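Topology and contacts: notes
For reference, the chains in residue letters:
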Amino acid sequence: MSNDSIDGITERRLLQSVVGVARHVYAAAASSVFMVDRDTGELTFAAVAGTGQQGLVGMRFPAGTGIAGWVASSCQTLIADDVSRTDRFARDAAASTGFLPSSIMAAPLLVDGECIGVLEVLDRGATGTDGSGRDLDDLEMLDLLAVQAALGLALLRRRQVNRVVPPIGSLVERLSDYAAMDSTDPLAVALLGVSLDLLERAAPES
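An account of the accompanying structure is given in this report. This is a predicted model, so every value here is computed, not measured. (Residues numbered from 1 in each chain as written. Predicted model: local features only at pLDDT ≥ 70, side-chain atom pairs only at ≥ 80, totals over all residues. Heavy atoms only, no water.)

1. Let's talk about the overall build of the protein chain
Of regular secondary structure, the protein chain possesses six helices and six strands. Reading the protein chain from its N end, one meets helices and strands in the order α-β-β-β-α-β-α-β-β-α-α-α. A separation threshold of at least 6 residues defines the contact pool for the protein chain, and within that pool the share at least 24 residues apart is 57%. When the accessible surface of the protein chain is totalled, it reaches about 10600 Å², and 50% of it is carbon and sulfur. (Helix = DSSP H or I, 4+ residues; strand = E, 2+ residues; numbered from the N terminus. Contact = heavy atoms within 4.5 Å. Areas by Shrake-Rupley, 256 points an atom, 1.4 Å probe, with all protein chains shown as cover.)

Below you can see the structure in the form of structure tokens.
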């Protein structure tokens, strides 16, 4: 098996673990990651966990489609607690996946200021808080997971031959800042540990 094939498999495993964690954290119906085509802006399902996960990986949508398309172009995180109230929701595109969510959270995967993907959580479950406080907590955790995914992808792609390597120091710094917000949060600490381990493994030998 070629190194490119191994790297591709590792990327899929990384993204699948991220959507699995996101679905669990939010008790959500589903979670997914779209990758953004750098040339066309098209969105491609790269990993899916939960409702509708069978057969979605590889499905493509035009640039700018739906909430994921808006997040990719704006590089901003978004919560839509009622998708029927926002014109950013692409109902036809969602229907083509076989699942119409009521709510969507989405965060960009940013590397060196460029959005390379979008992490989505569909129909998150109830948590211990309500209102704006809950939304703030959910946004912070979603951003943390998106940073983790972006960092992992940057580190994996660093190993590929003849690829431009994006700076990853800022990603590690951002992840550390999130973990520092609540050092007792086991998920934040665990994600930071995994990321630093990846960084150590990817570092060139002296």
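Continuing now.
2. Here's the deal with the sheet that holds strand β5 (residues 104-111)
Here we have six strands laid out as an open sheet, ordered β3-β2-β1-β6-β5-β4, and antiparallel in their pairing. The sheet terminates laterally at β3 (60-61) and β4 (78-80), the two strands that pair on one side only. Pairing analysis gives two bridges linking strand β2 (residues 43-50) to β3, with the strands arranged antiparallel. Note on β3: the bridge partner recorded for L43 is F61. Each of β1 (30-36), β2, β4, β5 and β6 (114-122) touches helix α2 (residues 66-74); the most contacted strand, β6, lies at about 145° to it. (Pairing = 2+ DSSP bridges. Axes fitted to C-alpha atoms, helices over the stretch in contact; angles between N-to-C directions.)

3. Here we look at the nonpolar core
Ranked by size, the top nonpolar core spans 30 residues in total, and within it L15, Y26, L109 and L119 carry the most contacts. Within the residue set of this core, elements represented by two or more residues are α1 (3-26), β1, β2, β5, β6 and α4 (131-158). Ranked by residue count, the leading element in this core is α4, at 10 residues. Residues in contact with L109, not counting those within four places in the same chain, are V33, E114, C115, I116, G117, V118, L119, A146, A149, A150 and L153. (Core = buried A, V, L, I, M, F, W, Y, C linked by side-chain atoms within 4.5 Å. Buried < 20%, exposed > 50% of the residue type's maximum accessible area, 1.4 Å probe, protein only.)

4. A few points about the pattern of salt bridges
By the definition in use, this model includes six salt bridges. The partner of D37 in a salt bridge is R60, with the nearest N and O atoms 3.6 Å apart. Note that D37 is positioned in the loop between β1 and β2 and R60 in strand β3, a separation of 23 residues in sequence. Given the relative accessible area of 25%, D37 is considered partly exposed. The class of R60 is partly exposed, set by a relative accessible area of 42%. Put simply, D37, E42 and R60 are held in one network by salt bridges that share partners. (Salt bridge = Lys/Arg side-chain N within 4 Å of Asp/Glu carboxyl O.)

5. Describing unusual backbone geometry
A positive phi angle, near 60°, is found at C75, a position not held by glycine. For C75, the location among the structural elements is in the loop between α2 and β4.

6. A look at the packing of aromatic side chains
In this description, an aromatic ring pair is defined by two values, namely the gap between the centres and the angle between the planes. With the rule as written, the count across this model stands at three aromatic pairs. Seen in terms of ring centroids, F34 and F61 are 6.3 Å apart; in terms of plane orientation they differ by 70°. Their pairing is edge-to-face. Of the two residues, F34 is situated in strand β1 and F61 in strand β3; the sequence distance between them amounts to 27 residues. The same class applies to F34 and to F61, which are both buried. Among the aromatic side chains, those forming a connected cluster through ring pairs are F34, F45 and F61. For the cation-ring pair, R88 lies above W70, with the distance from its terminal atom to the ring centre recorded as 4.1 Å. (Phe/Tyr/Trp six-rings, centres within 6.5 Å; stacked < 30°, edge-to-face > 60°. Lys NZ or Arg CZ within 6 Å of the ring centre and 35° of its normal.)

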